[in-house]
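Letter by letter, the chains look like this.
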Amino acid sequence: MTVLTILLVLVLLLVVFGLLFRLQILTSIFSGTFTRDIGMSNSVNAVLMLVFLIGGGAWFAYSFVENFGKMNPPIASVHGHQMERMFWITMAVIGVAFAITQILLFVYAYKYQHKEGRRAYFFAHNNTIEVIWTIIPAIVMASLIFAGWKAWTRITGPAPKNSVVLEVMGKQFNWLVRYPGRDMKLGVVNYRMIDAVNEFGFDLSDKSALDDFTTNEIHVPKGVPVLIKIRSRDVLHAVYMPQFRVQMYAVPGMPTRFWFTPTTTTDEMRAKLGNPKFNYELACNQLCGGSHFAMKATIIVDEPDDYQNWYAAQQSFSQKNPDVLAAFKQKAKTMVAPVAAATDEKKAPVMPLAASN
Amino acid sequence: MSDLTPKPNLSAGVQAQGGVGSAPVPTAEHGDHLLHDDHDHEHHDQHWLWKYVFSQDHKVIAKQFLITGMFWAILGGTLSSLFRLQLGWPESSLEWLKPFLGGWIQAGKLNPEFYLALVTMHGTIMVFFVLTAGLSGTFSNFLIPLQVGARDMASGFMNMLSYWFFFLSGIIMFSSLFIETGPAAAGWTIYPPLSALPQAIPGSGTGMTLWLVSMVFFIVSQLLGGVNYVTTVINLRTRGMSMSKLPLTIWAFFLTAILGILSFPVLFSAALLLVFDRSFGTSFFLSDIYIAGQALSNQGGSPVLFQHLFWFLGHPEVYIVIMPAMGMVSEVLATNARKPIFGYRAMIGSLIGISLLSFVVWAHHMFVTGMNPFLGSVFMFLTLIIAVPSGVKVFNWLATLWRGNIRFTAAMLFAIGFVSLFISGGLTGIILGNATLDIQMHNTYFVVAHFHLVMGSSAFFGLFAGVYHWFPKMFGRMMDEKLGYIHFWLTFAGVYLVFMPMHYVGIAGFPRRYYAWTGFDAFSQFADMNKFISIAAIIAFLGQFIFIFNFFYSIFRGRRATQNPWNSTTLEWTTPIIPGHGNWPGEIPAVYRWPYDYSKPGSDVDFIPQNVPYSQTQSSNLPYEQELAD
């Protein structure tokens, strides 16, 4: 019923509009103004071009300045500052090009509006001008490419040896985080071993997995390079940490990575922004399903000492889940072949793990 | 639809007078074609079904593409209004939409999965059904034969098939809106594994199957059309119409068709492999997946491979969308500025440059997908180079306006609007094409703003310019100019009000395809801005109904057109007011000059059509042209 009513109203509106329009045409024919010679409307449109340039330009400038504070997420990584500088330099370059071309466009449109008796200037080509405006953009682009390439190579280059390593795994719809534990080595994980308890798919027959611990929040130390290893266990996700200027897809079957150096602790940033509730956030930035928009994790940047203390206080996954560990030990006894081989073996059957759960 | 009798052809008369020494003799091929058409017309009036529905006349097929495209545009726009409601007023109840959307409204809220379906279908519809089929399908079909001087397309039958495959594809896509699990919802780029696994999102069930089937038919339609366009431009040009005398529209359609032929098959292969993964248990794109409590047996596939295949079409696709608009805008600007297009050869060169480069830049969509960073550097380099030919085009358009004598027809307004939007949207591409900056900007609203300006709105403006400009040739009547002005200013202001603020939201890092931003501190500061954008978007969308009204009203009641209402030089204006099947009642005019002799010094009139020989224009000939005349 509502559908019908709404549709009916729309149709009626259209009919009314049509009748009014017809009436307007009939009156204009009657009054003799219904001609299509170039006249009033041409100069009105020309003036509107100028009005649009000035009004639109003013609105754009105003709203840009007005929102400038809001549109810059605080920066908390070393490369983030460099990127920010490059971003605004590029914005300035394109801003100049934007202003020049738009002003010329609208001013020409206004200035060269039709005038009776004037004739357009027959100007088909001019090689000199064309070469100039091919070469100048080419030079500008070349310098932008060079700067971008230098920064890109540095940012995506290998992480420093002293980096803190952690791993983030995306799943519908949250982030799982693990640290390598005391041995500083991330243990083997295998998606076939994932279940409700062993969410990461730890293969506890691998020794270096035994001391790996998982957390809900990501903790990283200030001033130390952090290498984030990234996995996904179902669909594509993307690790996006706007304040650190970090983004990398999480791809099932293909681990990825990104490293950065945090410059500001959470507490420092809270003080700086005057917002005691501030937190660094990790958002999913590749469509992953219905709750994509809510797939979030919190990042805490600690002073290095605090980080060490926090790290030492964590309990490993195997300690927290003795059942899972016991199941692995059980299996190691009963099976002839080492379990670790299953990681590479394509035809390995899905192993029923932790059946008690 | 009333003025079907051909009027005496003025330009043809001019040509008959002057061309004494070189009386145009139809070539054997054209002659046969001509006889064949006459035969058709004399002996049986076609049944309306063959004349208007299963027509092989390129002009009818063009109108079919146009009107179908308009249907899809309204639908695509409606979908965007729905999700803008959600983004602008995330807290308010949408219960009133329940009669339309049924189960997709739960407790007054839009279902988040349905939100994603809306976004996906909006993108699919706008990119493929409106701006590919509706834009290129309409104007390539309509203008190629008319502007190169051909009776029809090389194969009228294939041309008809092209439309009906498109129609079939549309029916399938449309029907997917009504199935229980909803239409495809994995984004218009349908990245697997999301699009491959119904467990991941309901839209990847039947909805996705229909999407893929529909797209297969769509690709067939594109290929049938594209082969036809290329063949027609190469083989059926009239006497004298060398490639260097083609209007820029034809160059644009020609290169667009080549891009389509070379890139759509790759999408076909991607779709096919995805069908295999979905239905036959292969692992092209799937590996190491645990979902819905189950570890899948697929191993060794790569989701990134799909992205390579997709964007190998996907990037040329944006040029498939924009290049026809560029061509038409060049034509409309020159005609209404009463000036030759500046740098005709540079314009062709830049079109060719853009076409070539468009094939080697696809991975700039994938800088942060885990692709080898070295590839990122290469693609950044190739991507940013595109700015150079694009810049040349913009400067040439500006130089075309300079010292012109501009008539602001509705088409001209949209052409100027196109240039403005193309600049605004194109420039931000310099940021996104820079791999370093893309780390932050990837998949944010900055990207959304960028491509909506540079390929979405611009292409729409090109489409509008084309419709207003060639409407008289299509329907023999004029569209109402005043409504055209209102439509333009409303749309132009609307587009800027929608997409300029979107850049701010994007710079702040707000991710696209988010149902709500309220969960994140970093993104929640733009609530008012999102409301503003939504209001502007909905008003701008409603403004399009002025155009729809104007269009259909003018078909039946518009002012009668004259033969060459814009005093244009190209061949389509030498046909009768409403050309019949075969386009020219007599011989096809021969071509002697380039298409941009506007305001030529020494000439009495401010335009000299392409079919006027130099021997008739002694007073205005340039030295080398005089040699040709002698």
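What you see is a predicted model, and the numbers here were worked out from it, not measured in a lab. (Residues numbered from 1 in each chain as written. Chains lettered and ligands numbered in written order. Predicted model: local features only at pLDDT ≥ 70, side-chain atom pairs only at ≥ 80, totals over all residues.)

1. Topic: the overall build of chain B
Point 1. The number of helices and strands found in chain B is 19 helices and four strands.
Point 2. For 630 residues, the compact-globule formula gives about 25 Å, and the C-alpha radius of gyration of chain B, at 25 Å, lands near that figure.
Point 3. Across its three principal directions, the C-alpha atoms of chain B cover 85 × 55 × 50 Å.
Point 4. Going through the 630 residues of chain B one by one, you find that 62% of them count as buried. (Helix = DSSP H or I, 4+ residues; strand = E, 2+ residues; numbered from the N terminus. Rg over C-alpha atoms; globule rule 2.2 N^0.38 Å. Buried ≥ 20, exposed ≤ 12 C-beta atoms within 10 Å, placed from the backbone.)

2. Examining helix 8 (residues 322-334) of chain A
All names here are of chain A.
Point 1. Under the 1.5 Å per step criterion, the end-to-end length of helix 8 is 18 Å for 13 residues, consistent within 8% with the ideal 18 Å.
Point 2. Within helix 8, the full set of buried residues consists of Val324, Ala327 and Phe328. Considered in projection along helix 8, the buried side chains sweep an arc of 100° and stay on one side of the axis. Away from its buried face, by an angle of more than 90 degrees, helix 8 presents the exposed residues Pro322, Lys329, Gln330 and Lys333. (Expected span 1.5 Å × (residues − 1). Arc of directions from axis to C-beta.)

3. As for the pairing of strand 8 (residues 256-260) of chain A
All names here are of chain A.
Point 1. With respect to burial, strand 8 is a largely interior element, four of its five residues being buried.
Point 2. Of the strand pairs in this sheet, strand 5 (residues 226-232) and strand 8 are connected by five bridges, and their pairing is antiparallel. Paired with isoleucine 228 across the two strands is phenylalanine 258, which belongs to strand 8. (Pairing = 2+ DSSP bridges.)

4. Here we look at unusual backbone geometry
Point 1. In the segment running from Gln172(A) into Phe173(A), the intervening peptide bond is cis, with an omega of -5°.
Point 2. By secondary structure assignment, the location of Phe173(A) is in the loop between strand 1 (164-171) and strand 2 (174-179).
Point 3. A cis amide bond, omega 5°, links Pro192(B) with the succeeding residue Pro193(B).
Point 4. Here Pro193(B) is to be found in the loop between helix 7 (156-175) and helix 8 (206-235).
Point 5. Of note in this structure, Asp288(B) is not a glycine but carries a positive phi near 50°.
Point 6. Structurally, Asp288(B) can be placed in the loop between helix 9 (248-279) and strand 3 (290-291).

5. Remarks on the interface of chain B and chain A
Point 1. Across the contact, 102 residues belong to chain B and 97 residues belong to chain A.
Point 2. Looking at which element gives the most residues to the side of chain B that touches chain A, the answer is helix 14 (residues 410-432) of chain B, with nine residues.
Point 3. Class assignment for the residues of the side of chain B that touches chain A results in 67 nonpolar, 24 polar and 11 charged. (Contact = placed C-beta atoms within 7 Å. Nonpolar A, V, L, I, M, F, W, Y, C, P; charged D, E, K, R; others polar.)

6. Points about the nonpolar core
One recurring pattern in soluble globular proteins is that nonpolar side chains are buried together.
Point 1. Of all hydrophobic cores here, the largest spans 288 residues; its most connected members are Val239(A), Phe414(B), Ala415(B) and Ala465(B).
Point 2. For this core, the element with the highest residue contribution is helix 6 (residues 112-148) of chain B, accounting for 22 residues. (Core = buried A, V, L, I, M, F, W, Y, C linked by C-beta atoms within 7 Å.)

7. Overview of the pairing of strand 9 (residues 280-284) of chain A
Residue and element names in this part refer to chain A.
Point 1. Summarising burial for strand 9: five of the five residues are buried, a large majority.
Point 2. Burial along strand 9 is two-sided: Tyr280, Leu282 and Cys284 facing one way and Glu281 and Ala283 facing the other are all buried.
Point 3. Here strand 6 (residues 237-241) runs beside strand 9; their pairing, made up of two bridges, is antiparallel. By the bridge assignment for strand 9, tyrosine 240 is matched with alanine 283.

8. Quick notes on the environment of Glu331(B)
Residue and element names in this part refer to chain B.
Point 1. Positionally, glutamate 331 belongs in helix 10 (residues 303-337).
Point 2. Residue class for glutamate 331 comes out buried when judged on the 30 C-beta atoms lying within 10 Å of it.
Point 3. As for glutamate 331 and isoleucine 578, which are separated by 247 residues in sequence, their C-alpha atoms are 21 Å apart.

9. Brief notes about the sheet that holds strand 3 (residues 213-215) of chain A
Residue and element names in this part refer to chain A.
Point 1. Here five strands make up an open sheet; going across it, the order is 3-2-1-5-8 and the pairing mixed. Since the sheet does not close on itself, it has two edges, and those belong to strand 3 and strand 8, each with one partner. Averaged over all pairs of adjacent strands, the angle between strand axes in this sheet comes to 30°, irrespective of strand direction.
Point 2. Inspection of the sheet shows strand 1 paired to strand 5 by seven bridges, in the parallel sense. Counted as the bridge partner of leucine 166 is isoleucine 228 from strand 5. (Axes fitted to C-alpha atoms, helices over the stretch in contact; angles between N-to-C directions.)

10. Let's talk about the environment of Val60(B)
All names here are of chain B.
Point 1. In this structure, valine 60 sits in helix 4 (residues 58-88).
Point 2. Assessed through the 22 C-beta atoms surrounding it within 10 Å, valine 60 is described here as buried.
Point 3. Considering only alpha carbons, one finds valine 60 and threonine 138, 78 residues apart in sequence, at a separation of 9.5 Å.
Point 4. If we skip the residues at most four places from it in the chain, valine 60 touches Tyr52 and Ser55.

11. Focus on the confidence of the model for chain B
Residue and element names in this part refer to chain B.
Point 1. Model confidence for chain B is summarised by a mean pLDDT of 90, while 93% of its residues fall at 70 or above.
Point 2. For the stretch residues 1-43, pLDDT sits under 50, and the model shows 46 contacts to residues farther than four places along the chain or on other chains.
Point 3. ipTM for the predicted complex: 0.89, alongside a pTM of 0.90. (pLDDT = per-residue confidence, 0-100.)

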